[in-house]
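# Fold and contact review
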Amino acid sequence: MEYLELQNQQDTGLEERMATIEADLLSPLWGQPQVASAAQGGLSIVYIHVVFHVMYNTASQNVSSAIINLQMDRINKDYSKTNTDWTRTPSVFQPLVADCEIQFCLASKDPSGNPTNGIERKDSTFTL
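Rules behind the numbers
- Residues numbered from 1 in each chain as written.
- Predicted model: local features only at pLDDT ≥ 70, side-chain atom pairs only at ≥ 80, totals over all residues.
- Heavy atoms only, no water.
- Helix = DSSP H or I, 4+ residues; strand = E, 2+ residues; numbered from the N terminus.
- Buried < 20%, exposed > 50% of the residue type's maximum accessible area, 1.4 Å probe, protein only.
- Core = buried A, V, L, I, M, F, W, Y, C linked by side-chain atoms within 4.5 Å.
- Contact = heavy atoms within 4.5 Å.
- Polar contact = N/O pair within 3.5 Å; in protein donor to acceptor, adjacent residues only side chain to side chain.
- Salt bridge = Lys/Arg side-chain N within 4 Å of Asp/Glu carboxyl O.
- Expected span 1.5 Å × (residues − 1).
- Arc of directions from axis to C-beta.
- Phe/Tyr/Trp six-rings, centres within 6.5 Å; stacked < 30°, edge-to-face > 60°.
- Lys NZ or Arg CZ within 6 Å of the ring centre and 35° of its normal.

### Section: the environment of Lys 109
One can find Lys 109 in the loop between strand 3 (102-106) and strand 4 (119-123). Classification of Lys 109 as partly exposed rests on a relative accessible area of 39%. The spacing of Lys 109 and Val 51 is 58 residues in sequence and 9.8 Å in space, taken between C-alpha atoms.

Pasting the structure below:
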């Protein structure tokens, strides 16, 4: 805490930037924060904004947005225990299966605060 206080003294905008980052972690993609309170019987969900980096050499290697969205849906189902196959978890791990209260979503802002769709595409001449 002492180090953080020293950083705040040296960088007057640090506290505001940290508050913005924290608010972003609690807000879903393209919307207002949707954190259900425990009193409402809901979970307090942390939103993790991600960026997919797609590098491709040919058009067929350029993964579609639909496939990326499908993968986002799958990982969110896995982390919220709403996937249909969670019961196939090995029995030794069954007691640990739970809703992790984490939701992944495509980033809506880049590190500079500019709008983005969360998918970066780069044509490359590299081949395997």
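Having seen the structure, we can now continue with the description.
### Side note on the nonpolar core
Listed in full, the seven residues of the largest apolar core are Val 54, Tyr 56, Ile 68, Met 72, Phe 104, Leu 106 and Ile 119. Only strand 2 (52-56), helix 3 (65-80) and strand 3 provide two or more residues apiece to this core. Setting aside anything within four residues of it in sequence, one finds Phe 104 in contact with Ile 48, Val 50, Met 72, Ile 75, Asn 76 and Tyr 79.

### A word on the environment of Thr 116
Mapped onto the elements of the fold, Thr 116 is located in the loop between strand 3 and strand 4. With a relative accessible area of 14%, Thr 116 lands in the buried category. It is 9.2 Å that separates the C-alpha atoms of Thr 116 and Val 51, two residues lying 65 residues apart in sequence. Among the polar contacts listed, one links the side chain of Thr 116 to the backbone nitrogen of Gly 118, at a separation of 3.2 Å.

### Thoughts on the pattern of salt bridges
Should the charged atoms of two oppositely charged side chains come close, the side chains can pair. Taken as a whole, this structure holds two salt bridges when the rule is applied. A salt bridge links Asp 11 to Arg 17; its shortest N-O distance comes to 2.5 Å. Residue classification places Asp 11 among the partly exposed residues on the basis of a relative accessible area of 28%. By relative accessible area, Arg 17 is classed as partly exposed at 44%. Salt-bridge contacts for Asp 73 lead to Lys 77; the nearest nitrogen and oxygen are separated by 3.3 Å. Of the two residues, Asp 73 and Lys 77 both sit in helix 3, four residues apart, roughly one turn of that helix. The exposure class of Asp 73 is partly exposed, given its relative accessible area of 36%.

### Looking at helix 3
Given a rise of 1.5 Å per residue, 16 residues ought to cover 22 Å, and the 22 Å separating the end C-alpha atoms of helix 3 matches this to within 8%. Looking at helix 3, one finds that the buried residues are Ile 68, Met 72, Asn 76 and Ser 80. For helix 3, the arc enclosing every buried residue in end-on projection is 100°, short of the 170-degree limit, so these residues lie on one face. Contact partners of the buried residues in helix 3: strand 1 (46-50), strand 2, strand 3 and strand 4. Just past helix 3, the residue Lys 81 takes up positive phi, approximately 60°.

### Considerations on the packing of aromatic side chains
Given two aromatic rings, one states the distance between the centres and the angle between the planes to describe the pair. Overall, the coordinates contain one aromatic pair when judged by the stated rule. For the pair Tyr 79 and Phe 104, a centre-to-centre distance of 5.0 Å together with 80° between the ring planes defines the contact as edge-to-face. Highlighted residues: Tyr 79 in helix 3 and Phe 104 in strand 3, separated in sequence by 25 residues. Since its relative accessible area comes to 14%, Phe 104 is described here as buried. One Lys or Arg, Lys 81, reaches over the ring of Trp 86 and ends 4.2 Å from the middle of that ring.

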